[in-house]
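Report on the structure
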Amino acid sequence: MRVLGIETSCDETAVAVFDTTRGLLSHRLHSQIALHQAYGGVVPELASRDHVRRLLPLVRGALSDAACLPESIDGVAYTAGPGLIGALLVGAGFARSLAYAWGKPAVGIHHLEGHLLAPLLEPEPPAFPFLALLVSGGHTQLVDVAAVGEYRILGQTLDDAAGEAFDKTAKMLGLPYPGGAALAQLAESGRSGRFSFPRPMLDRPGLDFSFSGLKTAALVALRGRVVDEEVRADVARGFQEAVVDTLAEKARRALVAGGHRRLVVAGGVGANARLRARLGEIARDAGAKGYFPRIECCTDNGAMIALAGALRLAAGQRQGLAVEARANWELGTGESTGD
Ligand code: KG4
Ligand code: ZN
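As a starting point, this report considers the structure included with it. Keep in mind the model is a prediction, meaning the values are calculated, not measured. (Residues numbered from 1 in each chain as written. Chains lettered and ligands numbered in written order. Predicted model: local features only at pLDDT ≥ 70, side-chain atom pairs only at ≥ 80, totals over all residues. Heavy atoms only, no water.)

**Description of helix H5 (residues 162-172)**
Rules: The buried label applies to any residue whose accessible area, calculated with a 1.4 Å probe on protein chains only, is under 20% of its type's maximum; exposed applies above 50%, and partly exposed to all values in between. Helix and strand assignments follow DSSP, with helices taken as H or I runs no shorter than four residues and strands as E runs no shorter than two, numbered in order from the N terminus. The directions considered for the arc run from the helix axis to the C-beta atoms.
All of the buried residues in H5 are Ala162, Gly163, Ala165, Phe166, Thr169 and Ala170. Seen along its axis, H5 keeps its buried residues to an arc of 160 degrees; they face one direction. Positive backbone phi, approximately 80 degrees, marks Gly174, located one or two places after H5.

Below, the structure written as structure tokens:
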């Protein structure tokens, strides 16, 4: 089964060709960071228009990199939600039209399912079941992944996502959008312990998170002082430590409570080196194994959508012809039907 995957849920246009026997054959991505940077965040209308411009050349490129003709594609997978509705509609309309013209099935994929299954693209993939810490710009969840399509959310953020907290704090520190990776880099030159941030929700039972207070704490730390390079780095360090501590401790509790043998990190914040190192320690201490997808498979990409689509199509899942996209769509609810 060979599937073309298309991801357009936010500010990356990404396409890939995945083959269930031969693995990932090609992947291409166009990041819109430069387009949105002047605005300090994603401008939805600009995102949609840019997806329109980029999709066809990227698909041509991915097919050519994979040395495959449209005839050898068995289906088209696309991100059907959640995300920016205009951006999603561009990808969904494009993918369904292509599939229709090629006489092949199309399948709408939940963006978070893509993230959760991305570790399966690695040479040593985790077996099912596994515990996933899914940390992206829009979501922060601990998910029990029993099998493809069997996801149980054990806990999630009550307000800001971890990536959102990184991005907002980065903005306060004068770093360009999207600030997560830049903040992480700045934190490396900062001192630990100069600023101590709260570890939200750790004093409570349950596996939910709350990150909105951390950006306020960062604001308070910066207020009324000369914000030189040293202060910025120290705040970045303190902030990152608080986020990593909180995510890691909740992941540890979920791992122990569920008796899981495998811990997977997924989503853009999963690219964070400190978080990866800490989760590795936690898995080891709990007698489990940690799985860390390569960085480009943590952040948004087309490969994870192609893979999820291939698994669903190979399992016989078929959808109608309707172009379907949902801005809001909770994982594990209301399968995408296309009807
Ligand atoms: O999964 P993703 O690419 O897109 C969404 O589905 O949201 O995640 C993007 C998020 C952004 O908030 C970005 O700042 C954050 O992941 N991010 C990082 C790092 N790299 C990306 N956060 C912390 N440390 C990083 N190294
Ligand atoms: Zn994502």
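**Topic: unusual backbone geometry**
Most peptide bonds adopt trans geometry, and most residues besides glycine take a negative phi value. Pro82 follows Gly81 through a cis peptide bond whose omega is -10 degrees. Within the secondary structure, Pro82 sits in the loop between strand S4 (75-81) and helix H3 (85-102). Along the chain, Tyr177 connects to Pro178 via a cis peptide bond; the corresponding omega equals -15 degrees. Tracing the backbone through its elements, the reader meets Pro178 in the loop between H5 and helix H6 (180-187). Of note, the phi angle at Ala67 is positive, near 50 degrees, even though the residue is not glycine. Inspection of the secondary structure puts Ala67 in the loop between helix H2 (44-65) and S4.

**As for the coordination of the zinc ion (ligand 2)**
Formally: As a rule, N, O and S atoms within 2.8 Å of a metal are its donors, except that Na, K and Ca use 3.2 Å; water is not among the atoms, so sites may look incomplete. Think of it this way: with four donors and all angles in the 85 to 135 degree range, the site is tetrahedral; with four or six donors, opposite ones beyond 155 degrees and the rest between 65 and 115, it is square planar or octahedral; otherwise it is irregular.
Donor atoms from the polypeptide that coordinate the zinc ion (ligand 2) comprise His111 (NE2), His115 (NE2) and Asp300 (OD), at 2.0 to 2.1 Å from the metal. With four donor atoms in place around the zinc ion (ligand 2) and angles of 96 to 138 degrees between them, the coordination shape is irregular. All donor residues of the zinc ion (ligand 2) come from one chain, and their arrangement in sequence is H-x3-H-x184-D. On the criterion of sequence distance, the pair formed by His111 in helix H4 (residues 111-117) and Asp300 in the loop between helix H10 (295-298) and helix H11 (303-314) is long-range, its members being 189 residues apart.

**Considerations on the packing of helix H7 (residues 212-222) against helix H8 (residues 229-258)**
In plain terms, the rule: Axes, fitted as lines to C-alpha atoms, cover a helix only where it is in contact. Angles between the N-to-C directions of the axes lie from 0 to 180 degrees. Comment on the angle field: the value is read as roughly parallel under 35 degrees, roughly antiparallel over 145, roughly perpendicular from 65 to 115, and oblique elsewhere. Whether a crossing is left-handed or right-handed is set by the direction in which the near helix is turned from the far one by less than a right angle, anticlockwise for left-handed and clockwise for right-handed. By the convention used here, residues are in contact when the closest approach between their heavy atoms is within 4.5 Å. Throughout this entry, Asp, Glu, Lys and Arg are counted as charged residues, while Ala, Val, Leu, Ile, Met, Phe, Trp, Tyr, Cys and Pro are counted as nonpolar. The remaining residues, Gly among them, count as polar.
H8 packs onto H7 with a crossing angle of 155 degrees between their chain directions and a minimal axis gap of 11 Å. In this view, H7 runs roughly antiparallel relative to H8, as classed from their interaxial angle. Crossing of H7 over H8 shows right-handed handedness. Contacts from Leu214, Ala218, Ala221 and Leu222 in H7 reach Val231, Val235, Phe239, Ala242 and Val243 in H8. Residue composition of the contact of H7 with H8, by class: nine nonpolar, no polar and no charged.

**Observations regarding the nonpolar core**
The condition is simple: The set of buried Ala, Val, Leu, Ile, Met, Phe, Trp, Tyr and Cys residues whose side-chain atoms join them within 4.5 Å is what this entry labels a nonpolar core.
Grouped together as the largest cluster of nonpolar side chains are 44 residues, with contacts concentrated most on Phe197, Val235, Leu247 and Leu275. Listed by contribution, the elements that provide at least two residues to this core are strand S6 (130-135), H5, H6, H7, H8, strand S9 (262-266) and helix H9 (273-285). In terms of residue count, the dominant contributor to this core is H8 (13 residues). When neighbours within four sequence positions are excluded, Leu247 is seen to be in contact with Leu133, Val135, Thr140, Ala162, Phe209, Phe211 and Leu275. In terms of nonpolar packing, the next biggest core, distinct from the first, is built from 31 residues, Ile109, Val143, Ile305 and Ala310 among them.

**Here we look at the environment of Asp300**
Short version of the rule: Identification of polar contacts relies on pairs of N or O atoms within 3.5 Å, with a donor-acceptor requirement for protein atoms, meaning one able to donate a hydrogen and the other able to accept it, and with residues adjacent in sequence counted only if both atoms are side-chain atoms.
Overall, the relative accessible area of 15% leaves Asp300 in the buried class. In the structure, Asp300 is positioned 288 residues away from Glu12 in sequence and 6.9 Å away in space, judged by C-alpha atoms. Excluding residues within four positions of it along the chain, Asp300 makes contact with Glu7, Ser9, Glu12, Leu29, His111 and His115. Of note is the side chain of Asp300, whose polar atom sits 3.0 Å from the side chain of His115.

**A closer look at the pairing of S9**
Put simply, the rule reads: Paired strands, as defined in this entry, are two strands with at least two bridges between them according to DSSP. Note on handedness: a clockwise path from strand one over the helix to strand two, with the strands aimed away from the viewer, defines a right-handed crossover.
For S9, the tally of buried residues reaches five of five residues, placing the bulk of the element in the interior. Sheet topology places S6 next to S9; four bridges connect them, and they run parallel. When the bridges of S9 are listed, Ala132 appears paired with Val264. The pairing of S9 with strand S10 (residues 289-291) spans three bridges and is parallel. Residue Leu263 lies in a different strand from S10, and its bridge partner there is Gly290. Crossover handedness for the path S9 to H9 to S10: right-handed.

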